[in-house]
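Geometric and topological summary
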Amino acid sequence: MSRPRVLELFLTSFVTLFVVVDPPGNLPIFMSLTGGTARRHQLVMAVKGTAIATAILIVFALGGQEVLDLIGIGLPAFRIAGGLMLMVIAFEMVFERRGERRARTAEKLDADQHGGEEEHDISVFPLAIPLLAGPGAITSVLLLAGSTEGIGGFSVVLLTVVVVMALSAALFASAEPLSRVMGRTLTAIISRLFGILLSALAAQFVIDGIKAAFALG
């Protein structure tokens, strides 16, 4: 695989996964869930949650195609369905529906947490699943892994997963100082811009799936 092709694949994979995972959008939820806990606990949750999410996405990247073959679903159909799912997420981001739902989730989980132990383990749920390795992220990884050729392209997708999760961990670890810099307005602007990019990428997934389906037919 040529260097320009590797760079193109990495950028496409990075933008897709970063937009779907949306680390800046998850940051306020992380801050809410870990608010009032020790700094060490926040760091442990950031590292542990992103590590679990990374493992989940890599497993789906490695074995996702085999699962599809086992239940008789072709990759073109999954590309179309996945593209439509990503399109829904994009619309939610542009029209701020996603933020409203996340806010309700954060409020509920925050209330549950503070009703029990002070330092509740949120690394598996809801941090790793579904905030980081949710249906959208899993779908994106399957689509990206299925559209690559050779070990080189597949390695780029795996590298993208690690990079996006490392950025998420860094953001979560810097939750306190970032909370003083980022306001609601800036977060909303970033979310809408990412939503527009994601809608275009989702449309491309659908187009590629339709083309592949007609080619196979």
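Residues numbered from 1 in each chain as written. Predicted model: local features only at pLDDT ≥ 70, side-chain atom pairs only at ≥ 80, totals over all residues. Heavy atoms only, no water.

1. Focus: the packing of helix α3 (residues 39–70) against helix α8 (residues 150–173)
- Axis separation between α3 and α8 bottoms out at 9 Å; the angle between their running directions is 165°. When the axes of α3 and α8 are compared, the pair comes out roughly antiparallel. Every pair of crossing elements has a handedness; the one defined by α3 and α8 is right-handed. When α3 is examined against α8, the residues R39, L43, A46, T50, A53, T54, L57, I58, A61 and L62 are found in contact with a partner set consisting of F154, L158, V161, V162, M165, S168, A169, F172 and A173.
- Tallied by class, the residues present in the contact of α3 with α8 amount to 15 nonpolar, 3 polar and 1 charged. (Axes fitted to C-alpha atoms, helices over the stretch in contact; angles between N-to-C directions. Helix = DSSP H or I, 4+ residues; strand = E, 2+ residues; numbered from the N terminus. Parallel < 35°, antiparallel > 145°, perpendicular 65-115°, else oblique. Left-handed = near helix turned anticlockwise from the far one by under 90°. Contact = heavy atoms within 4.5 Å. Nonpolar A, V, L, I, M, F, W, Y, C, P; charged D, E, K, R; others polar.)

2. Regarding helix α7 (residues 135–146)
- Look at α7: 16 Å from first C-alpha to last across 12 residues, which is about the 16 Å you get at 1.5 Å a residue.
- Burial in α7 covers these residues: G136, A137, I138, T139, S140, V141, L142, L143, L144 and A145. (Expected span 1.5 Å × (residues − 1). Buried < 20%, exposed > 50% of the residue type's maximum accessible area, 1.4 Å probe, protein only.)

3. Focus: a nonpolar patch on the surface
- A surface patch of nonpolar side chains, about 400 Å² in accessible area, is lined by V67, L70, I71 and I73.
- Here L70 shows up in helix α3. (Patch = residues over 30% accessible without salt bridge, like charges linked within 9 Å, V, L, I, M, F, W, Y side chains within 5 Å. Areas by Shrake-Rupley, 256 points an atom, 1.4 Å probe, with all protein chains shown as cover. Salt bridge = Lys/Arg side-chain N within 4 Å of Asp/Glu carboxyl O.)

4. Points about the confidence of the model for the chain
- Chain-level pLDDT for the chain is 82 on average; 85% of the residues reach the 70-or-more range.
- When mean pLDDT is compared element by element in the chain, α8 scores highest at 94, while helix α5 (residues 97–114) scores lowest at 56. (pLDDT = per-residue confidence, 0-100.)

5. Observations regarding the packing of helix α1 (residues 3–21) against α8
- Where α1 contacts α8, the two axes come as close as 9 Å, and the packing angle between them is 40°. By the criterion of interaxial angle, the relationship of α1 to α8 is oblique. Of the two elements, α1 crosses α8, and the hand of that crossing is right-handed. Facing α1, whose interface residues are V6, L9, F10, S13, F14, L17, F18 and V21, α8 presents G153, V156, V157, L159, T160, V161, V163, V164, M165, L167 and S168.

6. Thoughts on the pattern of salt bridges
- Using the criterion set out here, one finds 2 salt bridges in the structure.
- Here R5 and E8 are joined by a salt bridge, their closest N and O atoms 4.0 Å apart. With R5 and E8 both in helix α1, this residue pair falls 3 residues apart, about one helical turn.
- In this structure, K48 and D121 form a salt bridge, with 2.9 Å as the shortest nitrogen-oxygen distance. On the criterion of sequence distance, the pair formed by K48 in helix α3 and D121 in the loop between α5 and α6 (123–132) is long-range, its members being 73 residues apart.
- The partly exposed category is assigned to K48, whose relative accessible area is 35%.
- Accessibility expressed as a relative area gives 35% for D121, which makes it partly exposed.

7. Here's the deal with the packing of aromatic side chains
- Counted under the stated rule, the structure contains 3 aromatic pairs.
- Consider the rings of F10 and F14, whose centres lie 6.0 Å apart with planes at 20°: the pair is stacked. One end of the pair, F10, and the other, F14, are both in helix α1, 4 residues apart, so they sit about a helical turn from each other.
- On the basis of relative accessible area, F10 is assigned to the partly exposed category, the value being 23%.
- A relative accessible area of 21% places F14 in the partly exposed class.
- Aromatic side chains F14 and F18 sit 5.4 Å apart centroid to centroid with 20° between the ring planes, which places their arrangement in the stacked category. With F14 and F18 both in helix α1 and 4 residues apart, the pair spans about one turn of that helix.
- Owing to a relative accessible area of 13%, F18 belongs among the buried residues under this scheme. (Phe/Tyr/Trp six-rings, centres within 6.5 Å; stacked < 30°, edge-to-face > 60°.)

8. Observations concerning unusual backbone geometry
- Here the amide bond leading from F125 into P126 is cis, since omega sits at 10°, within 30 degrees of zero.
- Locating P126 in the fold gives a position in helix α6.
- The phi dihedral of D22 is positive, around 55°, even though this residue is not glycine.
- Locating D22 in the fold gives a position in the loop between α1 and α2 (23–34).

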